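One-letter residues, chain by chain:
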There are 2 protein chains.
Amino acid sequence: MVYTDIFSPLVPADVELATELIKKHPKNVKDVVQFVQIDKLNPPRKQATKLVDMLRAGETEGLPVIDPKAYVLFYKNNELPLYKSIVNLKTKTVEITTEEEGLGPMQADFVEKLDKEVLELPQVKENIARLNLENKKFKHPTLGELGYNVISETWMYGNRGEPEDHLKPKAQIYFFIKLDHPESNHYALPLPFTVIVDYFTCEFIDMLYLAMDGDDSTPITPDRLNDWVIPEDIHKFEYYPDVRIDLEPELNLKPLTINQPEGVSFNVTNNNKVEWQGWEFYVQTNVREGFSLNNIYFKGRPLIWKYCLNDMIVPYSAKPMSTKPGEKHKNALASKMAFDVSEIGFGNTTFPLGSGCCLGYIKYFDGCKADIEGKPVVVKNQVCMHEVDNGVQCLHKNYRTENNKLVLRRRELILQTVATVANYEYIIQFILDQNGSITTEVRATGILSTTAIEPNTKTDHSTIVAPGVNAQYHQHLFSFRLDPRFDGDLNSVCYDDFVPLEDKEEDWLVGFKAKRTWLEKSGHIEQSPFTNRTYKFINENVINPVSMTPVGYKVEIPAHQLIMAGPNSQNIKRAKFATKQFWAYHAADDRNYVAGELTNQSKEDTGLAKWLEEDEKSGKSIRNAELSCNITLGLSHAPSTEQFPVMSMDKVEFAIIPVCFFWKNPALDLPIATAETNKIVCYEDIVAGKQSSCCSK
Amino acid sequence: MVYTDIFSPLVPADVELATELIKKHPKNVKDVVQFVQIDKLNPPRKQATKLVDMLRAGETEGLPVIDPKAYVLFYKNNELPLYKSIVNLKTKTVEITTEEEGLGPMQADFVEKLDKEVLELPQVKENIARLNLENKKFKHPTLGELGYNVISETWMYGNRGEPEDHLKPKAQIYFFIKLDHPESNHYALPLPFTVIVDYFTCEFIDMLYLAMDGDDSTPITPDRLNDWVIPEDIHKFEYYPDVRIDLEPELNLKPLTINQPEGVSFNVTNNNKVEWQGWEFYVQTNVREGFSLNNIYFKGRPLIWKYCLNDMIVPYSAKPMSTKPGEKHKNALASKMAFDVSEIGFGNTTFPLGSGCCLGYIKYFDGCKADIEGKPVVVKNQVCMHEVDNGVQCLHKNYRTENNKLVLRRRELILQTVATVANYEYIIQFILDQNGSITTEVRATGILSTTAIEPNTKTDHSTIVAPGVNAQYHQHLFSFRLDPRFDGDLNSVCYDDFVPLEDKEEDWLVGFKAKRTWLEKSGHIEQSPFTNRTYKFINENVINPVSMTPVGYKVEIPAHQLIMAGPNSQNIKRAKFATKQFWAYHAADDRNYVAGELTNQSKEDTGLAKWLEEDEKSGKSIRNAELSCNITLGLSHAPSTEQFPVMSMDKVEFAIIPVCFFWKNPALDLPIATAETNKIVCYEDIVAGKQSSCCSK
Ligand SMILES: [Cu+2]
Ligand SMILES: [Cu+2]
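Note that the structure is a prediction, hence the values are computed from the model and not measured. (Residues numbered from 1 in each chain as written. Chains lettered and ligands numbered in written order. Predicted model: local features only at pLDDT ≥ 70, side-chain atom pairs only at ≥ 80, totals over all residues. Heavy atoms only, no water.)

Engineer: Would you take a moment to explain the sheet that holds strand β30 (residues 534–543) of chain B for this structure?
Structural biologist: Hydrogen bonds along the backbone pair up the strands of a sheet, which may run parallel or antiparallel. In space, the 11 strands of this open sheet follow the order β35(A)-β18(B)-β19(B)-β20(B)-β21(B)-β22(B)-β34(B)-β31(B)-β30(B)-β27(B)-β28(B), with mixed pairing throughout. Both edges of this open sheet fall to β35 (681–682) of chain A together with β28 (512–518) of chain B, since each of them pairs with a single strand only. Of the strand pairs in this sheet, strand β31 (residues 550–556) of chain B and strand β34 (residues 647–659) of chain B are connected by 5 bridges, and their pairing is antiparallel. Residue pairing for β34 of chain B: Val555 of chain B is matched across the bridge by Ile656 of chain B. (Pairing = 2+ DSSP bridges. Helix = DSSP H or I, 4+ residues; strand = E, 2+ residues; numbered from the N terminus.)

Engineer: What's the story with the coordination of the copper ion (ligand 2) in this structure? I'm lost.
Structural biologist: Tetrahedral coordination by four donors sets the ideal angle at the metal to 109.5 degrees; octahedral coordination by six donors sets it to 90 or 180 degrees. Coordination of the copper ion (ligand 2) by the protein comes from Tyr424 of chain B (OH), His474 of chain B (NE2), His476 of chain B (NE2) and His637 of chain B (ND1), over a distance range of 1.9 to 2.0 Å. Considering all 4 donor atoms around the copper ion (ligand 2), the spread of angles at the metal, 93 to 134 degrees, places the coordination shape in the tetrahedral class. (Donors = N, O, S within 2.8 Å, 3.2 Å for Na, K, Ca; no water. Tetrahedral: all angles 85-135°; square planar, octahedral: opposite > 155°, others 65-115°.)

Engineer: Honestly, the pairing of strand β22 (residues 438–446) of chain A in this entry has me stumped. Any pointers?
Structural biologist: Where a strand is regular, its side chains alternate between the two sheet faces. Residue and element names in this part refer to chain A. Across the 9 residues that make up β22, a large majority, 9, are buried. Neither face of β22 is exposed, since Ile438, Thr440, Val442, Ala444 and Gly446 on one face and Thr439, Glu441, Arg443 and Thr445 on the opposite face are all buried. Across 9 bridges, the pairing between strand β21 (residues 424–433) and β22 is antiparallel. Counted as the bridge partner of Tyr426 is Ala444 from β22. Between the end of β21 and the start of β22, which pair antiparallel, lie 4 residues, with Gly436 showing a positive phi angle near 90 degrees. Note that β22 and strand β34 (residues 647–659) share 8 bridges and pair antiparallel. Bridging across to β34, Thr440 finds its partner in Phe654. (Buried < 20%, exposed > 50% of the residue type's maximum accessible area, 1.4 Å probe, protein only.)

Engineer: What's the story with the domain arrangement of chain A in this structure? I'm lost.
Structural biologist: For interface size, the figure often reported is the accessible area lost on association. Residue and element names in this part refer to chain A. Per the domain assignment, the segments making up chain A are domain 1 (12–100), domain 2 (108–237) and domain 3 (271–659). Here domain 2 and domain 3 have C-alpha centroids that lie 33 Å from each other. Counting from both sides, the interface comprises 43 residues of domain 2 and, opposite them, 44 residues of domain 3. Counting each side, the surface lost to burial between domain 2 and domain 3 is near 3500 Å², with a carbon and sulfur contribution of 61%. Its largest share of buried area at the contact with domain 3, domain 2 owes to Met156, Tyr187 and Asp216, together 19% of the area lost on that side. Our enumeration of links across domain 2 and domain 3 arrives at 1 salt bridge. Here Glu454 and Arg224 are joined by a salt bridge, their closest N and O atoms 2.8 Å apart. The set of elements that each furnish at least two residues to the side of domain 2 that touches domain 3 consists of α3 (108–117), β7 (148–156), β8 (170–179), β9 (190–198) and β10 (204–209). (Domains from an automatic or database assignment. Contact = heavy atoms within 4.5 Å. Buried area = accessible area lost by both parts, 1.4 Å probe. Salt bridge = Lys/Arg side-chain N within 4 Å of Asp/Glu carboxyl O.)

Engineer: How do you make sense of the UniProt feature "modified residue: 2',4',5'-topaquinone" (unreviewed entry) in chain A when you look at a structure like this?
Structural biologist: All names here are of chain A. Sites flagged by UniProt as "modified residue: 2',4',5'-topaquinone" (unreviewed entry) map to Tyr424. Assignment of secondary structure puts Tyr424 in strand β21. Excluding anything up to four places from it in sequence, Tyr424 contacts Tyr316, Ala419, Thr445, Gly446, Ile447, Leu448, His474, His476, His637 and Met647. (UniProt positions renumbered as here; feature names shortened; annotations may be inferred.)

Engineer: Help me understand the interface of chain A and chain B in this model?
Structural biologist: At the interface, 189 residues of chain A touch 189 residues of chain B. Both sides together, the interface formed by chain A and chain B hides about 16200 Å², and carbon and sulfur atoms give 57% of it. Viewed at the interface, chain B and chain A are joined by 8 salt bridges. Between Lys664 of chain A and Asp246 of chain B there is a salt bridge, with the nearest N and O atoms lying 2.9 Å from each other. Here chain A is connected to chain B by 101 residue pairs in polar contact (both at pLDDT 80 or more). Looking at which element gives the most residues to the side of chain A that touches chain B, the answer is strand β19 (residues 376–396) of chain A, with 12 residues. Of the residues contributing to the side of chain A that touches chain B, the split by class is 89 nonpolar, 63 polar and 37 charged. (Polar contact = N/O pair within 3.5 Å; in protein donor to acceptor, adjacent residues only side chain to side chain. Nonpolar A, V, L, I, M, F, W, Y, C, P; charged D, E, K, R; others polar.)

In structure tokens form, the structure reads like this:
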């Protein structure tokens, strides 16, 4: 076991140790322990920042001692409750064990088991039999005659507001037909029923039939499944080249690659400390959030303590149907809201990067998770890091002189992970530049979540993306966590609006000014794009000598629609973060999970909602305080036919940018770009077969 | 002279012909003609689209004949009025000549002359003498002892709402001190006075002193200029490497270049027709707008007739001072609002691209303009075009299978021009992808427009970016023109909002739907980011067989603050486009310039404002009509110290994206990306000195 610093991710030996300690613990030794999640515990912030500061100052005496710890979530004997133990990896002891309320995150081994076992349930077999798939075949032009089978997909059950919803461990399973080829696109053949089972035993709880009528008003009856019609056209919606029947010749796309003949500009030590262009930070892979950046410095000044995707939800639009008077939510889709970070874990859903996700010169970071038996599983290439060129950063030409021109290019360092959450893919990128800015970009791609609909039927809250295939409107709401530490541990939050310079409108001609408002208590800031509202982190203790104002960073968040759900909906109760775009509150070591630690079947938000109540009670000002912050990005998604069978990525992003933090442009020391450094080759020379050129001079 | 198609830009022979025809015209032959702008006239849309359609259909008989024409703006004998002639380049005749109201765009030769002559005005010389620059020297660490001199910068006069403002031809000239080196940054040494002169004769009209008190309340008196203090620190704000005194060693930035060993994927014929990945369009460089894309098709279907930056304004915040009761606008900065497209012309402000603006394999397009004598001037490399890789476009991994993964990368084709408008640089990019989307990106860089301020003084509507250097808050508002032709000439415009599925809030749980509203008459659509409002072009005559809805494209415009100015301000009267983000109106061949053809000193908007009045009168529906559209991007700019001496780019963008226009993802036929195609090299191998690697597999 090696602990060279407090930001190292767990390595296999840590997981083995944690597993052993849990299994051999007297309270567990007689039980079958089922491991749900083992991951590194965040170090306590106050001690850790002190340690970091002392180490940076070259001090060696009296350093705070921070033992490396892991948290372990587990069940015993295939039933609730969920247990959580804190394991000290240095003292090799189990420090605390608590019984948790609620269900743990979905474990891949459980999902695999449920995916299989559900197909053996008599109620499911009966429905599959109705379909009469044995007698259906497709003559595939390249693969020959292929049969069909039924495939299941296990989702979390969600929460429908019924009292026992968060206690009874359930899974909800959807069904699809697919061609008998492993890469066939089953999302093009959804079936209109879903099954609810016991999460541990796969015991049958309920079979729900879905509506196919476009109005969500009437669930089908089982006989609608009889001799299910598979339109031949549907096979035009395969996506994988081997299975596609209409693969068009490629449009003469010529290879384009990156060349870094002298290597990369970054440096990695201890396999997690990164230095690049004045930046210093630690990359920590983890199971829950995928990865985080820690202890971020730029040009020798601290900026952020921890930076990561903190949680996310994907609520779907659906009509609550009322099959009996007073009974709502019977529509199985009305509770469809996935917490893809906290219910599953981005580290659990990463497929090794490296096959096509980036170009050129890459540093990969591995992750480590545990299987159901507590054995370590290395996630190879969970995170990748590489440099890209993103056009011009600074440019100026004095029109009075001839040849000189200042052209500085924007080199970026991108840290990236990709999560595959069943149908969807999320690509999370943290992008650093030489200006001291960090851009966070989310790309949503993958396949739309689909349901069956009667042919030639439309709805007002979905798009028909293939014959009989319905893609509900839905949203993706991402919450990013940012622990500000701009030039010191004590920061404040404010926002600036552009307002007229004159009080009276009749006097107002062209003047406008910035009006600053401080956030005094834990809470949110409303979006206000029409006043150019800009969120800012300010260190009121440090004055920029040039601007004569306190130093700060702004957060540029495009105004997005936030969660579309009624105030009494379960969705809002479970995910307060999704109701506003910017949140700030007092930092605390137990405030880590924005919607609560355990969100699977949660009845309410035990994260942000609880912290804000606590802070409201304490009444403590958040001016000049140790803060945490969450930022919500919203993507309201009305699917289109262009997004099927696999969607071209939809992008949302925000950026943090220095504003009077440095006394002048920190990116100005870059080398001037020229035709030579850029290796420019002109079209006319390319056509003439040359690979170098001077026509641009 | 060669006219292979209607979208060719003017070539030198065309300009020579136009000049000759104007000069020899009986009405001009006795005069000294001063050419202001010569450029290609847009072809009439109805005939031109008919011609294009017939040619695409392979027809050769009865084709509409469209003579190539140029417009020529000129003065005679160094005075108003401005004349406009339409020259038929085929028949070699001057078709029409009109006397225009107002001043033409700023001509580079006029500016150069004014920049020089103003320094000879006694009033200016007197102020320069006060500064006592002869006795001031700077000991530059590498260049030795340098003296100082005064430099002038000619701006348009703007318009202050005084009755004669749009008739009397004026220029406003700002003054700066600079070190005696051609690339010294004079914007770090602004002077607090400005001079207004006759645009033609440089005759002195007025000298205005600016306030330096942070409250804009009291203009300085001339004696404040006496023995002007130049802080030594100011030389830390040089930007050009030769002049910098604090150039830091580069941070080990390693070269990164692009390799396209098999050449580029695009094809250019006739030096203006481009084909790439299913796209077809014509690039036309021009003097006013820089360039436009014309007759854009994707996958054989028409999308857009003309696409360009149409105009832009940069209004600055300033207090109108009142030196006499009732007299406003005496603050020389209160009328500071530049129309950088229409008052100057992006083709006039392009410096040849090719030195650093792009990487790799580039096609350049030249422009052609006229000098004051009507001689053609070729603008080498006015526009560049190249391919870039922009990460992942589509990605999906079936979690049930092992090795297969669909990874398609986003290749983009970027068309770019750069305008240097005195201090500022604007980089305009049109970015096409394989999904049928066009992203328009504007990067603002260059140097902030600065004024002098007393040391240790702040204001509420500006930022101090260097000692004694004030950068006013201001805005950049860009208007892009888009003539929709989605799947045919008749299009409609609508917007979709996400609204609750239930009428009553107490019933509303999680359902939401899209509510469509059609724009029935010429006008605008309000921004509404919180309802996820999406602007759409719809062809109501073509139904997508899959979604069963009419085909369309959406316009994704982030919600921005628009023009900050009172309703009675001159700024609003002159640029209606800047008040809303999305405008649609009936197309017409004389509706080309969104703020009017001549905006220099304009008193009112003779573009959009007039067209909307006309359409209001006609009452004609814009459903299923031949439309034009303007899109406004806003950038409200509170400068920061990081943006001086040269700012890292600030970016605004919008995109048009197909929405149920294609029946499935049009980008799906791309080759799958792999570690091999991406030429991946691992960090560990790079460090070990290898240039290829297999660790990612
Ligand atoms: Cu989505
Ligand atoms: Cu600006």
